[in-house]
Amino acid sequence: MTGTTTGGAVPATGTGTSTGTGPGRRRRRRLLTGVLIAAALVLGAGLHWAAPWKLWQNSTVNEALPTASAAPGSSRPGTTAPAPGPQTVAQGSLISHEHSTTGTVKLIRLPDGSRTLRLENLDTSSGPDLRVWLTDAPVKEGADGWFVFDDGKYVSLGKLKGNKGDQNYEIPAEVNLADYSSVTIWCDRFNVSFGAAALQAA
């Protein structure tokens with residue numbers, strides 16, 4: 001027989017390239033995706049908390065000086081004397097702290113005995129969680145005066161109604177004005193004064 005054999009090895013023809021879909025690459029991709037999602041959440045929460053856009057949103061409030069009826073018995077029957085008007089008992093000028101701030105602060109006693117804190121010609125920056133505080137802290141120029149107002153005694157009269165204009169804030173009857181010597185526009189979010197005024201007897 002003269003039969004021939006063809007059982008020799010057949011050479012490989014593959015290109016030897018990798019598809020890159022192994023377990024290690026998939027784990028790295030999932031890890032990178034998780035990091036990006038976490039960073040986006042942290043950034044979003046930080047922006048929501050800090051609210052930097054509020055620094056460029058102006059809000060103007062123009063309230064008239066409040067009026068109240070005269071206290072009972074303040075005039076005798078048959079007389080025509082006019083009822084006493086509002087009386088300014090203390091006042092001061094706002095100075096700038098963390099943000100440029102100007103305007104006048106007045107503590108006003110109304111004819112019925114109630115008291116009002118009035119901001120006139122206020123001009124400051126807007127910001128998150130701004131409050132109007134009566135405090136016993138001294139008013140200091142510069143950065144040394146930015147953080148002192150929550151160190152001692154203070155009472156919040158409410159949220160700042162607007163960063164510009166004329167505004168009134170009722171002072172609770174139980175507040176003893178003799179205990180307080182200053183007013184601050186206080187940022188409760190960052191514990192810093194935007195501006196403040198030392199009160200002097202009118």
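Just so you know, these numbers come straight off a predicted model, no measurement behind them.

Each value, and the rule that gives it
- Residues numbered from 1 in each chain as written.
- Predicted model: local features only at pLDDT ≥ 70, side-chain atom pairs only at ≥ 80, totals over all residues.
- Heavy atoms only, no water.
- Helix = DSSP H or I, 4+ residues; strand = E, 2+ residues; numbered from the N terminus.
- Buried < 20%, exposed > 50% of the residue type's maximum accessible area, 1.4 Å probe, protein only.
- Contact = heavy atoms within 4.5 Å.
- Areas by Shrake-Rupley, 256 points an atom, 1.4 Å probe, with all protein chains shown as cover.
- Pairing = 2+ DSSP bridges.

1. Considering the overall build of the protein chain
Phase 1 of the analysis: On a plain count of helices and strands, the protein chain comes out with 1 helix and 11 strands.
Phase 2 of the analysis: Starting at the N terminus and walking to the C terminus, you meet the elements of the protein chain as α-β-β-β-β-β-β-β-β-β-β-β.
Phase 3 of the analysis: Residues classed as buried in the protein chain amount to 32% of the 202 residues present.
Phase 4 of the analysis: Put simply, of all contacts in the protein chain between residues at least 6 apart along the chain, 67% involve residues at least 24 apart.
Phase 5 of the analysis: Accessible surface, the protein chain as shown: approximately 12700 Å² in total, 55% of it carbon and sulfur.

2. Brief notes about the sheet that holds strand β8 (residues 164-171)
Phase 1 of the analysis: Strand order in the open sheet formed by 6 strands is β1-β8-β5-β4-β2-β11, with mixed pairing between adjacent strands. Each edge of the open sheet is held by one strand with a lone partner, namely β1 (60-62) and β11 (200-201).
Phase 2 of the analysis: With 7 bridges connecting them, strand β5 (residues 115-123) and β8 associate as antiparallel partners. Note that in β8 the partner of Asp123 across the bridge is Lys164.

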